[in-house]
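Chain and residue survey
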Amino acid sequence: MNRLDAPTVIRTKRDGNRLSDDAIDWVIDAYTHGHVANEQMSALLMAVFLRGMDYGEIARWTVAMIASGDQFDFSDLRRDGRALRTVDKHSTGGVGDKITLPLVSVIAACGGAVPQASGRGLGHTGGTLDKLEAIAGFTASLTNAQVRQQLSEVGAVIFAAGRLAPADAKLYALRDITATVESLPLIASSVMSKKIAEGAGALVLDVKVGSGALMRSEARSRDLAETMVALGAQHGLPTCAVLTDMNRPLGAAVGNALEVAEALEVLDGGGPADVVELTVSLAREMLELAGIDGVEPEQTLRDGTAMDRFRALVAAQGGDLSVPLPVGKYSETVTATRGGTMGDIDAMAVGLAVWRLGAGRSRPGEAVQAGAGLRIHRRPGSPVAAGDSLFTLYTDTPERFPGAIAELDAGFAVADTPPADRPLIIDRIT
């Protein structure tokens with residue numbers, strides 16, 4: 001391209017052609033600095049969604065987003081005279097996925113350090129920052145100096161990306177409202193630009209598979225995982241990916257404050273078995289990749305040391321766990337019309353129901369309801385009697401109930417036989 005402008009770049013991808021390195025560098029920089037309008041970038045995102053990108057384009061798009069802002073370097077940080085071993089985890093987004101909260105605390109309790117740049121809700125999937133901000137006083141807006149200090153003192157910090165890959169922050173919000181969330185090139189470059197800029201020494205990716213995942217098919221999820229692992233290797237970041245099931249919601253609580261409450265149950269040595277299993281499994285992957293051995297992540301949940309780390313993290317970021325977590329002012333309970341066994345619960349249906357209750361966004365910058373969400377009273381395979389409570393929905397705006405219940409109704413059934421068991425962890429990719 002001799003002349004770079006937004007319509008030409010859009011047209012190139014719209015017509016199924018490859019974007020040059022210069023075109024990618026230009027459009028990311030121009031959009032970051034406000035020289036390309038949201039309408040134009042929305043058109044380009046849709047063109048990428050429909051036409052795709054090859055690996056070279058994805059790699060260059062990732063580099064351009066990293067270059068749009070700051071990069072952390074924690075190699076000089078010490079604790080007790082020893083270099084900190086930093087490692088992070090990223091999930092591609094799921095329904096009820098509150099794993100980050102107990103997981104970073106477990107790793108810190110095991111002697112590692114987790115610098116986690118997190119995001120807000122994206123489509124039907126919940127955002128870690130939205131969940132944590134349900135805690136009174138909690139702030140994710142930290143300076144670079146605060147991130148470094150907390151990482152050294154507490155061993156974990158969960159923060160808004162800020163000046164890390166600011167191009168991604170703008171694109172992330174735009175994808176959320178333009179039906180372009182599920183694009184493999186855009187997911188891969190979004191995740192890896194943020195994580196490479198973040199400066200962790202190693203990275204474990206939790207790539208979801210199933211109805212509630214951004215990539216529903218195992219083949220597409222595997223492609224995404226392999227692409228992100230390759231991007232990590234290209235930038236000298238040791239990366240592995242774990243494919244995990246997201247056909248069913250994780251745990252029994254979905255929604256911002258409700259998920260924080262469930263994470264606290266896990267940190268207190270209890271909680272749903274699937275949440276505990278995934279927390280421990282990912283912790284083992286992170287500890288191995290970071291070269292930390294001789295510790296058992298389960299023990300930190302039993303002895304309270306992981307809870308201690310989480311409380312320290314929340315306090316360091318202004319949060320007050322003594323203040324009760326918010327719950328929606330209004331509630332509706334869905335009951336069983338017949339007896340039998342609880343069948344599968346579709347993660348997408350639950351995610352959309354919770355979004356309609358007010359836990360997610362329909363436009364950029366929209367406030368979410370911290371107390372909106374739902375509790376699952378009967379997990380798949382549980383016995384059910386007619387009249388039993390199956391779900392309780394919460395919101396501050398009761399006019400949202402009909403739409404949410406309509407989404408939910410299509411996503412579950414009480415049957416005569418239990419659903420087939422599925423492994424939570426499907427595969428590991430390095």
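Residues numbered from 1 in each chain as written. Predicted model: local features only at pLDDT ≥ 70, side-chain atom pairs only at ≥ 80, totals over all residues. Heavy atoms only, no water.

The name an unreviewed UniProt entry gives the protein chain is Thymidine phosphorylase, with Mycobacterium paraterrae as the organism. The record in UniProt for the protein chain states the following under Sequence similarities (unreviewed entry): "Belongs to the thymidine/pyrimidine-nucleoside phosphorylase family." The UniProt entry for the protein chain carries the following comment under Subunit (unreviewed entry): "Homodimer." (UniProt positions renumbered as here; feature names shortened; annotations may be inferred.)

**Considerations on helix H10 (residues 218-234)**
Counted at 1.5 Å a residue, the expected span for H10 with its 17 residues is 24 Å, and the 24 Å between its end C-alpha atoms agrees. Listing the buried residues of H10 in full gives Ser221, Leu224, Ala225, Thr227, Met228, Val229, Leu231 and Gly232. In this structure, the buried residues of H10 make contact with helix H4 (55-66), helix H9 (184-198), strand E6 (203-209), strand E7 (239-245) and strand E15 (425-429). Just downstream of H10 lies glycine 236, where phi reads positive at about 70°. (Helix = DSSP H or I, 4+ residues; strand = E, 2+ residues; numbered from the N terminus. Expected span 1.5 Å × (residues − 1). Buried < 20%, exposed > 50% of the residue type's maximum accessible area, 1.4 Å probe, protein only. Contact = heavy atoms within 4.5 Å.)

**Topic: the sheet that holds strand E14 (residues 414-415)**
As summarised here, the arrangement of the three strands in space is E12-E10-E14, forming an open sheet in which the pairing is antiparallel. The open sheet has two free edges, formed respectively by strand E12 (383-384) and E14, since each of these has just one partner strand. Note that strand E10 (residues 340-342) and E12 share two bridges and pair antiparallel. The residue of E12 that forms the bridge with glycine 340 is valine 384. (Pairing = 2+ DSSP bridges.)

**Some points on helix H5 (residues 100-109)**
Among the 10 residues in H5, nine count as buried, and that is most of the element. Within the sequence span of H5, burial applies to Thr100, Leu101, Pro102, Leu103, Val104, Ser105, Val106, Ile107 and Ala108. Looking at the residues trailing H5, positive phi occurs at glycine 111, about 100°.

**Details of the packing of aromatic side chains**
Using the criterion set out here, one finds three aromatic pairs in the structure. Seen from their ring centres, phenylalanine 72 and phenylalanine 159 are 5.9 Å apart, and the 85° between their planes marks the pair as edge-to-face. Separated by 87 residues along the polypeptide, phenylalanine 72 in the loop between H4 and strand E1 (78-79) and phenylalanine 159 in strand E5 (residues 156-160) bring together distant segments of the chain. Assigned by exposure class, phenylalanine 72 and phenylalanine 159 land together as buried. For the ring pair phenylalanine 391 and phenylalanine 412, a centre distance of 4.9 Å and an interplane angle of 65° mean the geometry is edge-to-face. Taken together, the positions of phenylalanine 391 in strand E13 (residues 389-395) and phenylalanine 412 in the loop between helix H16 (401-409) and E14 put the pair 21 residues apart, joining distant regions of the chain. Phenylalanine 412 carries the same exposure label as phenylalanine 391, and that label is buried. Each residue in the set Phe72, Phe74 and Phe159 is aromatic and connected to the rest through ring pairs, giving one cluster. In this structure, lysine 170 packs its charged tip against the face of tyrosine 31, placed 4.3 Å from the ring centre. (Phe/Tyr/Trp six-rings, centres within 6.5 Å; stacked < 30°, edge-to-face > 60°. Lys NZ or Arg CZ within 6 Å of the ring centre and 35° of its normal.)

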